[in-house]
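Below, each chain spelled out in residue letters.
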Amino acid sequence: MVVNSVHWFRKGLRLHDNAALQEALSGADSVRCVYILDPWFAGSANVGVNRWRFLLESLEDLDSSLRKLNSRLFVVRGQPTDVFPRLFKEWKVTRLTFEYDPEPYGKERDGAIIKMAHEFAVETIIRNSHTLYNLDRIIEMNNNSPPLTFKRFQTIVNRLELPRRPLPSITQQQMDRCKTQIEDNHDRLYSVPSLEELGFRTEGLPPAVWKGGESEALDRLHKHLDRKAWVANFEHPRVNMCSLFASPTGLSPYLRFGCLSCRVFYYNLRELYMKLRKRCSPPLSLFGQLLWREFFYTAATNNPNFDHMEGNPICVQIPWDQNPEALAKWAEGRTGFPWIDAIMTQLRQEGWIHHLARHAVACFLTRGDLWISWESGMKVFEELLLDADWSVNAGSWMWLSCSAFFQQFFHCYCPVGFGRRTDPSGDFIRRYIPILKNYPNRYIYEPWNAPESVQKAASCVVGVDYPKPMINHAEGSRLNIERMKQVYQQLSHYRGLSLLASVPTIQEEAEPPMTDDSQTSSGPDSPLREVADNEPAGCSTAPDSSTVCTSSTAPDGHPAPDPASSAPDRSHPDLVESEAVTSDPSVAPSTSTDVHVVLSSTPTAAISTAAKDHPPATTPNPTPSPVNQTPSSSPAGSPQPAPNTTPGQASSLGQKRRGLSRKVRRSQRYRNRQSCAPAARTGDKEGGGEEEMEEEFDEEERMEEETSKERTEDQQ
């Protein structure tokens, strides 16, 4: 019997570790490799030019690799349900192979094709190679429901066998055994289309920062593995300005499109680690970013509403605002906050942003400032982000908006201080917001605070050349924490309430203001200093320099716990990035230098209002969202050292306070842990990951001591 195979490429755009393609070649007389421009992807208006370019480059690279094996890629236009009946007849197809798609849409589409193929007496063979594990097996081991905490997911994965080893790449010998005649009109009928053919204007389009294709993916993998010291030591390097730019070893878009096999990446990392560590088995945390990908795939595979709030059984129903104007400003990088605008500009230009930058802009859009639904942000990322996988993208947005998976809504990124800590010199902002390039470091993150003379000297007047901040961050974040508190108080299953026991009031002293002298570096090669000693404490009434805003009260009305004492898993849910950094998606890494907590007994309902003269006023009840209000120019109400206290005395006093703070937090933390122990033992579904919390807390103490020492030296 003659076997005419067709292999249907979708995500797995590669020849290495392609189990379904190997099945197509096995015992076949002819093999044709097909890619159909699926209208769900190709016809969507929500796909940007960078994603299209990456896909087309990946198809060109695949076609080039097949040419070397005396074959070609057949790019067919149309819908799969319309295309395959014609191809089955024209090519006398007897076998159809493709990679298993675990996402709900993919399973529904593939079910229809399998049924159609059966009607044409075409055998269908499906193989899994897009995920490390069998997702159905994970769900089965969790009492037939997907694990909804990463800790629980890791527990199940620990009980599974290692992922299947990757298969070798397709060889010339295999292709020669099932050679297919390529017609002279192949390029006219089945060539890879250009961006122009798809209706994109390419005039003025800058070169791609991320080049698509399997060849590029494998080259990047080799560079990634050349960092042997990192793999051997498995360190988590501190994020700095250089981390924010696209790296030649970044892999996330290639995993999303299947240009790189996740199993190849997994086993290359594992084997190199074991070689360098003398056959020592690597920890699961080495593969943390791959496992987050698997976690979200597992959570989404049987949930067709995973990308929606309504009808999504795992998503908290939050009454988000509808504000198209504010959404557009965020998406187009016109918020008036340089850190947020630079990130969104990079995303639109290049199709990629660092995972911590994703956290910052997601928090700003949703629960942090604008109170706009995570679904809106997810759609923008779906359009612009190269590695925006359906499951991972939706899961990450639910996580960061505290709509699912993560409930510590009292942690909030500051759109000024978080960026300042990461890139003190502001070079990232100067790169993507060039209108601000002449601003001194002191004002680069909050240009509205610069004197008029400085703004004119920089040739950029706020409100004229660059927009004013669209919201008063301090007011907006505090109001939104109140809103989240009200939502979660209505959820009887919110176990986080038991963790929010009373914490003694501890008030950190204010830090001296930033000066140009303290941050003089400018340029990619300049040494980057920590700026914790230059950032004011807490969140003031103006967009300030604190990195994370923490509510003064938690959902039960008690003062909120210290972020380090309630930090969940430190690994992050995004795809593999250029740096081996894992971080909690709600709080920045190295929390001791990021977070300046002001714990007080004042209710968060007392929200200060922004006025033209910026008086330190308060209102007794939550006010409407302060979008488009003008922020105050100074951190009114920030705690200040006593007037007669010398800098040295203030530093000594601050050290004593911090020492007391650490002792109280540690004591309180253990009391909370003991009080919640029975609930935690009932199952891991609501648990947090105590080992990671312990590491986070120890790291905080160490960083606080280092920062305190640096602060004392600077003042002396």
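Asker: What is the right way to look at the overall build of the protein chain in this model?
Answerer: Tallying secondary structure elements over the protein chain gives 26 helices and 9 strands in all. When each of the 716 residues of the protein chain is scored for burial, the buried share is 60%. A sequence separation of at least 24 residues applies to 80% of the contacts in the protein chain between residues at least 6 apart. Entry remark: accessible area of the protein chain is about 28,500 Å², with carbon and sulfur atoms responsible for 50%.

Asker: Would you take a moment to explain the packing of helix α16 (residues 338–350) against helix α17 (residues 355–368) for this structure?
Answerer: Geometry of a packed helix pair, given as the angle between the helix axes and the separation of the axes. Close contact between α16 and α17 brings their axes to 10 Å; oriented N to C, the two are set at 115 degrees. Between α16 and α17 lies a crossing of left-handed hand. Counting all contacts with α16, which are made through W339, I340, I343 and M344, the residues of α17 involved are A357, A360, V361 and F364. Class assignment of the residues belonging to the contact of α16 with α17 gives a composition of 8 nonpolar, no polar and no charged.

Asker: Can you help me understand the sheet that holds strand β4 (residues 95–99) in this one?
Answerer: The strands making up a sheet associate through backbone hydrogen bonding, with each pair oriented either parallel or antiparallel. One open sheet accounts for 5 strands, arranged β3-β2-β1-β4-β5; its pairing is parallel. On the outer flanks of this sheet lie β3 (73–77) and β5 (123–127), each paired with one strand and no other. Strand-to-strand twist of the sheet, defined as the mean angle between neighbouring strand axes without regard to direction, takes the value 25 degrees. Two elements, strand β1 (residues 4–9) and strand β2 (residues 30–37), share 6 bridges in a ladder whose sense is parallel. Bridge pairing in β2 places W8 opposite V34.

Asker: Can you help me understand unusual backbone geometry in this one?
Answerer: Apart from glycine, the bulk of residues carry a negative phi angle, and the bulk of peptide bonds sit in the trans form. For F405, which is not glycine, the phi dihedral falls at a positive 70 degrees. Residue S459 is not a glycine yet carries a positive backbone phi of 60 degrees. The topology assignment puts S459 in the loop between α22 (452–457) and α23 (473–489).

Asker: Help me understand the pairing of β1 in this model?
Answerer: Residues in a regular strand project their side chains so that they alternate between the two faces of the sheet. β1 sits mainly inside the fold: 6 of its 6 residues count as buried. Burial along β1 is two-sided: the residues N4, V6 and W8 and S5, H7 and F9 are all buried. The handedness of the β1 to β2 crossover, carried by helix α1 (residues 19–25), is right-handed. In terms of strand pairing, β1 meets β4 through 4 bridges, oriented parallel. Within β4, the position partnered with H7 by the bridge is T97.

Asker: How should the environment of R77 be read in this particular structure?
Answerer: Looking at the secondary structure, you find R77 in strand β3. Judged by its relative accessible area of 35%, R77 falls in the partly exposed class. C-alpha separation for the pair R77 and Y35, spaced 42 residues apart in sequence, amounts to 8.6 Å. With residues up to four places along the chain from it excluded, the contact list for R77 reads L37, V83, L189, Y190, S191, V192, P193 and E197. Reaching out from R77, the side chain makes a polar contact with the backbone oxygen of V75 at a distance of 3.3 Å. One polar contact links the side chain of R77 to the main-chain carbonyl oxygen of S191, over a distance of 2.9 Å.

About the cut-offs
Residues numbered from 1 in each chain as written. Predicted model: local features only at pLDDT ≥ 70, side-chain atom pairs only at ≥ 80, totals over all residues. Heavy atoms only, no water. Helix = DSSP H or I, 4+ residues; strand = E, 2+ residues; numbered from the N terminus. Buried < 20%, exposed > 50% of the residue type's maximum accessible area, 1.4 Å probe, protein only. Contact = heavy atoms within 4.5 Å. Areas by Shrake-Rupley, 256 points an atom, 1.4 Å probe, with all protein chains shown as cover. Axes fitted to C-alpha atoms, helices over the stretch in contact; angles between N-to-C directions. Left-handed = near helix turned anticlockwise from the far one by under 90°. Nonpolar A, V, L, I, M, F, W, Y, C, P; charged D, E, K, R; others polar. Pairing = 2+ DSSP bridges. Right-handed = clockwise from strand over helix to strand, strands pointing away. Polar contact = N/O pair within 3.5 Å; in protein donor to acceptor, adjacent residues only side chain to side chain.

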